Amino acid sequence: MSVSTAAIDSSVCAPLPVLGQDVTVPLVTGGEVTYAALDYAASAPALQRVWDDVAAYAPYYGSVHRGAGYLSQLSTDLFENSRRTVAEFLGCRAEDQVVFTRSTTDSLNLLAAAIPADCQVFVYETEHHASLLPWRDAQVTYLNAPRTPGQAVETLERALADRDPYGPALVCVTGASNVTGELWPVKELAAAAHAHGARIVLDAAQLAPHHPVDIAELDVDWVAFSGHKLYAPFGSGVLAGRADWLQAAEPYLAGGGASRKVARRADGGVDVDWHTTAARHEAGSPNVIGVYSIASACKALTEAGFDSLVAREQELVGRVREGLAEVPEVQVLSLFGDDAPRVGVISFVVRGWNSSHFAAALSAEYGIGVRDGLFCAHPLVRTLLGSDPQDPGECGAPEAEPGERSLNAIRVSFGAGTPDEHIDRFLRAVTELVREGAQWKYRTEDGRCVPDRGEVARTV
């Protein structure tokens, strides 16, 4: 899979309006500045279009399914129409199911609970923990980090060739790394999996907000993603794909909505007839607003034109990479090399800096929000940093003091709502911090690097 920017004039594609674009934040050096949200990979700001759609619906909110009242019927139609919108957005096949969940993590745990008991699972060590950890009850083979897309395919083919050819198998892979932003060869990996009788699930949490995802075209069996990375509010996610394993599995949650009929037996027990539709794994009152917000985001991105959005984002990626390359102390992290296609997610370390200290200075002195840590992908970041798997450092809680080298990294991420000014300010801030140092002194408090109020480090 590659991103093409050919024949697109990115200047005609303005940033999409998002919530918070006018929010100002205080600077430790005095005054305020408009907040530069450059942590899209963690949670993207909600599109204004999505928020407006939700606000317009909110007065008509009602409990979905089985309600006789007008608002219940309206909400049920909206809920099921949202399912169809998501299916269309993902290019689902006619027989695929779209199950609404809480997040990518929830989606992959649902699938992990639904795989056959003797299923073998193959997952790269480069995965986000949402993809790396749910398979606790399965026979799991962890694959070493590849250094090229071709090596990723070869590694998988060798592992699948050595497996029991008669049992079920599942491959789990990311579409775009949440650490490096690099695109993985999903279609080629799917072909390798199917050639060896295995199925494949795509973690599209970082891919879907930046690039079209088509289940049929990629020939993957399932796709999982989160609403809060797709410019929708928190609390909703999707698992879409093949129905057979989901229909055969026990409901992910037991309760109302998942059951079609419940009856007492003569012996005092209970017999349950479970749904075979997506409702089987959607017990309880669903997050109707969350589901609708995902559908609204899908429509907004489609209508804006993914080609133009991708082209503008690639222009921003190029500017960030060129700007960071001009600072010798900055090392950008990469698995596949400088020429690898990627989305708007870039991680780096700065020689002589604790990553948490650097991120804290970006926030306190420039009003720029980035992420520091291991990004819930500990094995991958440690591999990229060349550290031993047992070395200290954990997601979002640095152990080094300001000024000391840390085993964490800094991640800048952006997307459809990012203004040019945020990128310009970020690059200027990186250059100034490296060349001149922080203006303020910092200390570690409760596992976070924070400004030491009243302690100026240098005269401006």
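Note that the structure is a prediction, hence the values are computed from the model and not measured.

J.: Looking at this model, I keep getting lost on the packing of helix H1 (residues 48-57) against helix H9 (residues 288-304). Mind explaining?
T.: Between two packed helices, the angle of one axis relative to the other and the distance separating the axes together describe the packing. Axis separation between H1 and H9 bottoms out at 9 Å; the angle between their running directions is 140 degrees. Here H1 lies oblique to H9, going by the angle between them. Every pair of crossing elements has a handedness; the one defined by H1 and H9 is right-handed. Together, Arg49, Val50, Asp53, Val54 and Tyr57 of H1 and Val288, Ile289, Tyr292, Ser293, Ser296, Ala297, Lys299, Ala300 and Glu303 of H9 make up the contact between the two elements. In the contact of H1 with H9, the residues fall into 8 nonpolar, 2 polar and 4 charged.

J.: Even after reading the chapter, I still don't get the pattern of salt bridges, so can you show me in this structure?
T.: Should the charged atoms of two oppositely charged side chains come close, the side chains can pair. Within this structure, the stated rule accounts for 25 salt bridges. The shortest N-O distance in the salt bridge between Asp106 and Arg102 comes to 3.3 Å. In this structure Asp106 comes out as buried when scored by relative accessible area, which is 9%. The class of Arg102 is exposed, set by a relative accessible area of 57%. Two residues, Asp338 and Arg321, come together in a salt bridge whose shortest N-O distance is 3.2 Å. You can see Asp338 sitting in the loop between strand S13 (330-332) and strand S14 (345-350) and its partner Arg321 sitting in helix H10 (residues 306-325), a full 17 residues away along the chain. Through salt bridges with shared partners, a single network forms among Arg199, Asp221, Arg242 and Asp244.

J.: What is the right way to read the nonpolar core from this model?
T.: Counting residues in hydrophobic clusters, the biggest one holds 84 residues, and the most contacted among them are Leu90 and Phe225. With 8 residues, H9 is the single largest residue contributor to this core. Those residues in contact with Phe225 that lie beyond four places of it in its chain are Val86, Leu90, Ser103, Thr104, Ala204, Ala205, Ala208, Leu230, Gly237, Val238 and Ile294. One finds Trp353, Ala361, Ala364 and Ala438 within the second-largest nonpolar core, a separate group that totals 36 residues.

J.: Looking at this structure, how should I read the sheet that holds strand S16 (residues 371-373)?
T.: Backbone hydrogen bonds hold the strands of a sheet together, and the pairing may be parallel or antiparallel. Here we have 4 strands laid out as an open sheet, ordered S13-S14-S17-S16, and antiparallel in their pairing. Looking at which strands have only one partner, the edges of the open sheet turn out to be S13 and S16. Recorded for the sheet is a direction-independent mean angle of 30 degrees between the axes of neighbouring strands. Running over the sheet, H10 touches S13, S14 and strand S17 (409-413) and is turned about 10 degrees from S14.

The rules behind each value
- Residues numbered from 1 in each chain as written.
- Predicted model: local features only at pLDDT ≥ 70, side-chain atom pairs only at ≥ 80, totals over all residues.
- Heavy atoms only, no water.
- Axes fitted to C-alpha atoms, helices over the stretch in contact; angles between N-to-C directions.
- Helix = DSSP H or I, 4+ residues; strand = E, 2+ residues; numbered from the N terminus.
- Parallel < 35°, antiparallel > 145°, perpendicular 65-115°, else oblique.
- Left-handed = near helix turned anticlockwise from the far one by under 90°.
- Contact = heavy atoms within 4.5 Å.
- Nonpolar A, V, L, I, M, F, W, Y, C, P; charged D, E, K, R; others polar.
- Salt bridge = Lys/Arg side-chain N within 4 Å of Asp/Glu carboxyl O.
- Buried < 20%, exposed > 50% of the residue type's maximum accessible area, 1.4 Å probe, protein only.
- Core = buried A, V, L, I, M, F, W, Y, C linked by side-chain atoms within 4.5 Å.
- Pairing = 2+ DSSP bridges.

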